[in-house]
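Listed below are the residues making up each chain.
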Amino acid sequence: MCKRIFQAALVLLASAAGAILPGAAVEQVEPDNSGPVKLMCASWLGGPGHDELVGAAISPDMKVILAGNGSRYQPAGVTPVQLNTGDLLAAVNSMARKVLNKRAAAGDQGNTSGFVARLSLDGKKVLSYARLPEGTTIRKMVLDARGTVYLLCSAGQGSSIGQEIHVAVLPPGANKLSRWIHYPDTIDFAVDGNGDILTLTNDRLSRWNNEGTASKWSVQWRCYGEKYTGAMTVSPQTGIAAVVGYGAANTGHEPYKDPFAFAFDRAGKQVWALWNPDPKRERPTELGGNGLMADTSGNLAAVDRSGNLLLGYFADGGNTIMMRDPRDPARPLAASVLDGVFQNTPGYGFVGAAKTSVLFRVEPKTGRLDKGTWLSSWINPRRANSLQISAVDTDEDARTFVVGRSYAGCPTRQPWYTCMPNGYRGGGYLAVFDRGFRMVQCGYFPTSDISAVGARNGYLVIAGSARDYEDKAKQVPARTFNPPQASYGGGDRDGYFAIFRLPAAR
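Residues numbered from 1 in each chain as written. Predicted model: local features only at pLDDT ≥ 70, side-chain atom pairs only at ≥ 80, totals over all residues. Heavy atoms only, no water.

As for the overall build of the protein
Inference 1: In terms of helices and strands, the protein carries 3 helices and 35 strands.
Inference 2: For the protein, the residues scored as buried account for 58% of the 506 residues in total.
Inference 3: In the protein, of all internal contacts separated by at least 6 residues, the share reaching a separation of at least 24 is 61%.
Inference 4: Only carbon and sulfur atoms are counted for the fraction: they give 50% of the accessible area of the protein, which is about 20,100 Å². (Helix = DSSP H or I, 4+ residues; strand = E, 2+ residues; numbered from the N terminus. Buried < 20%, exposed > 50% of the residue type's maximum accessible area, 1.4 Å probe, protein only. Contact = heavy atoms within 4.5 Å. Areas by Shrake-Rupley, 256 points an atom, 1.4 Å probe, with all protein chains shown as cover.)

Right, dumping it as structure tokens:
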């Protein structure tokens, strides 16, 4: 009875504030907070259509910053700020409008407007909400040391007219648009400690001045086979930028995803290269090869608070080259890299093309692998299952926070939530590691897909999207706790976020 009264009160309060409540009212689910990382808030964030969150950070003034895309999302009691770029976006909006009109005629609301929301540190109140023009989608968010917000955006939404790629720059407070810079074909970007913007296309890494308008240099790199570039990052302390991906090579036996990492200094000089082995050796031993046949692809690049690089890869088997010396596949990986970590092998017992993930911490000046860990989900103790790392961040105490999506069998340690009885043991997850990549805590959030994470000064935020129910017929809800949104917004998914209080460093 108390729970129903509480839910009804939430609905009345939100209605009085002007919120649209098309979905089921929130049914809070108490977390298990017996572990060291305490869940403070977990909530949907979205409107009547499909919504997602793609960026999460905690700003220097200790506000939670969330970037996402939604259809008619409007937080209760908050006047939205329209980020208007005037004539600069007129042509892009004209192209996007054609797509929106076509989708509207078909009844598809789509992800029609990118937005940035600022929340209180406990997540209970939306403080401000800024919206990009319709037809503009946010792909990634970066905050610099001052709290300036950088957004990688696309307009046109993948239609036949193509996409226009820009970086939007917002001042701390995210209440206006300072710059809107066109970068064709960009798939990733980063901001150096000296203010330079770096952009990545499939074939080229470019460094731009602080205004982002004048190119300082542009470089390419060579790999075996057709190039597929995944991600890039830059160490703000050293200015060294790293690029990861793979080459679609042929071993003479079969096609092969040949992983690589390349690094460049502030002058554009290549300072090191890792992996990128000659594919002619990557084939079965009976064919004269080294047996390292597991396809491996670079998909993630980030940086920790000390300026070390964090490089992430997917591998579809245990015989991956990531278990070998990154400069000489004939030698094993140094034992110290995986000594004492949470998972020191890629897993085993694969059936089909399972996707297991690895994350390495890399010294930026030399390319030396310092430490790393593998992550797999587990169908049973003898059979690994797919798990992907989507994003990573660190904090001032050298802890590492990993988020992504796990198939059935997500590894857990003092999880905040678990699935319903006989439910699906996977979904969006958060894993917390110490400096030695020993697991501190890990759990999944049923119905969710988590793709962004940010940490600062003892607090942590993760974000992605989630459905309304784990099982609608049985009325088993998504996991929410102290939510600022009183109901599910609607559509197939809402944005979803969770905020945590971290333990003091030992």
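Describing the sheet that holds strand β28 (residues 400–406)
Inference 1: Strand order in the open sheet formed by 4 strands is β27-β28-β29-β30, with antiparallel pairing between adjacent strands. The sheet is open, and its two edges are formed by β27 (387–394) and β30 (439–445), each paired on a single side. In this sheet, adjacent strand axes meet at a mean angle of 20 degrees when their direction is disregarded.
Inference 2: Relative to strand β29 (residues 427–433), β28 is paired through 7 bridges, and the arrangement is antiparallel. (Pairing = 2+ DSSP bridges. Axes fitted to C-alpha atoms, helices over the stretch in contact; angles between N-to-C directions.)

Describing the packing of aromatic side chains
Inference 1: This model, assessed by the stated rule, comprises 18 aromatic pairs.
Inference 2: With a centroid separation of 5.1 Å and 55 degrees between ring planes, the pair formed by Y348 and W378 is classed as tilted. Here Y348, found in the loop between α3 (335–338) and β23 (356–362), pairs with W378, found in strand β25 (residues 377–380); they are 30 residues apart in sequence, far enough to count as distant.
Inference 3: For Y348, a relative accessible area of 43% gives the class partly exposed.
Inference 4: Assessed through its relative accessible area of 21%, W378 is described here as partly exposed.
Inference 5: A network of ring pairs unites the aromatic residues W221, F260, F262 and F264 as a single cluster.
Inference 6: Residue placement shows K227 over the ring face of W221; its charged tip is 4.5 Å from the ring centre. (Phe/Tyr/Trp six-rings, centres within 6.5 Å; stacked < 30°, edge-to-face > 60°. Lys NZ or Arg CZ within 6 Å of the ring centre and 35° of its normal.)

What about unusual backbone geometry?
Residues other than glycine predominantly adopt negative phi, and peptide bonds predominantly adopt the trans conformation.
Inference 1: One non-glycine residue with positive phi stands out, namely F437, at about 60 degrees.
Inference 2: Its location among the elements puts F437 in the loop between β29 and β30.
Inference 3: In this structure, N457 is a non-glycine residue whose phi angle is positive, near 50 degrees.
Inference 4: By the element assignment, N457 lies in the loop between β31 (448–456) and β32 (459–466).
Inference 5: On the basis of relative accessible area, N457 is assigned to the partly exposed category, the value being 47%.

Concerning the pattern of salt bridges
Inference 1: Applying the stated criterion across every chain, the model contains 18 salt bridges.
Inference 2: In this structure, the salt-bridge partner of E396 is R305, at a minimum N-O distance of 3.0 Å. Here E396, found in the loop between β27 and β28, pairs with R305, found in the loop between β19 (296–303) and β20 (309–315); they are 91 residues apart in sequence, far enough to count as distant.
Inference 3: Judged by its relative accessible area of 39%, E396 falls in the partly exposed class. (Salt bridge = Lys/Arg side-chain N within 4 Å of Asp/Glu carboxyl O.)

Let's talk about the nonpolar core
Inference 1: One finds W272, W275, L311, F360, V402 and Y429 to be the most contacted residues of the largest nonpolar core, which totals 45 residues.
Inference 2: Looking at this core, the element that brings in the most residues is β20, giving 5 residues.
Inference 3: Counting residues in hydrophobic clusters, the runner-up holds 26 residues, among them W44, Y417, V453 and F500. (Core = buried A, V, L, I, M, F, W, Y, C linked by side-chain atoms within 4.5 Å.)

A short note on the pairing of strand β17 (residues 255–264)
Inference 1: Most of β17 is tucked away, with 8 of its 10 residues classed as buried.
Inference 2: With 10 bridges joining them, strand β16 (residues 241–250) and β17 adopt antiparallel strand pairing. Directly across from N250, in β17, lies its bridge partner P255.
Inference 3: Linking β16 to β17, which pair antiparallel, is a turn of 4 residues; within it G252 sits at a positive phi near 90 degrees.
Inference 4: In terms of strand pairing, β17 meets strand β18 (residues 270–275) through 5 bridges, oriented antiparallel. Across the sheet, A263 pairs through a bridge with W272, a residue of β18.
Inference 5: What sits between β17 and β18 in their antiparallel hairpin is a turn of 5 residues, with G268 showing a positive phi close to 90 degrees.

Looking at the side chain of S206
Inference 1: Along the polypeptide, S206 turns up in strand β13 (residues 205–208).
Inference 2: A distance of 3.0 Å separates a polar atom in the side chain of S206 from a polar atom in the side chain of S218.
Inference 3: Here S206 is in contact with I197, L198, T199, W217 and S218, once residues within four sequence places are set aside. (Polar contact = N/O pair within 3.5 Å; in protein donor to acceptor, adjacent residues only side chain to side chain.)

Some remarks on the environment of W378
Inference 1: The sequence separation of W378 and F350 amounts to 28 residues, and the corresponding C-alpha distance is 10.0 Å.
Inference 2: In this structure, W378 is in contact with Q343, G347, Y348, R383, A384, N385, A408, G409 and R425, ignoring residues within four places of it in sequence.
Inference 3: Within polar-contact distance, the side chain of W378 engages the backbone oxygen of S376 at 3.4 Å.

Quick look at the sheet that holds β16
Adjacent strands of a sheet pair through backbone hydrogen bonds, lying either parallel or antiparallel.
Inference 1: One open sheet accounts for 4 strands, arranged β15-β16-β17-β18; its pairing is antiparallel. The open sheet has two edge strands, β15 (226–234) and β18, and neither has a second partner. Averaged over all pairs of adjacent strands, the angle between strand axes in this sheet comes to 20 degrees, irrespective of strand direction.

Focus on the environment of K355
Inference 1: Its location among the elements puts K355 in the loop between α3 and β23.
Inference 2: The exposure class of K355 is partly exposed, given its relative accessible area of 31%.
Inference 3: Separated by 40 residues in the primary sequence, K355 and A315 have C-alpha atoms spaced 5.7 Å apart.
Inference 4: The residues touching K355, leaving out its near neighbours within four places in the chain, are F314, A315, N385, S386, L387 and Q388.

Comments concerning the pairing of β32
Inference 1: Burial analysis of β32 places 8 of its 8 residues in the buried class, the great majority of the element.
Inference 2: In β32, alternate side chains face the same way, and those of Y459, V461, A463 and S465 on one face and L460, I462, G464 and A466 on the other are all buried.
Inference 3: Judged from the 8 bridges that link them, β31 and β32 form a sheet pairing that is antiparallel. Directly across from V453, in β32, lies its bridge partner I462.
Inference 4: Count of turn residues in the β31/β32 antiparallel hairpin: 2 residues, of which N457 carries a positive phi of about 50 degrees.
Inference 5: Direction of pairing for β32 relative to strand β35 (residues 494–501): antiparallel, over a ladder of 8 bridges. Directly across from S465, in β35, lies its bridge partner G495.

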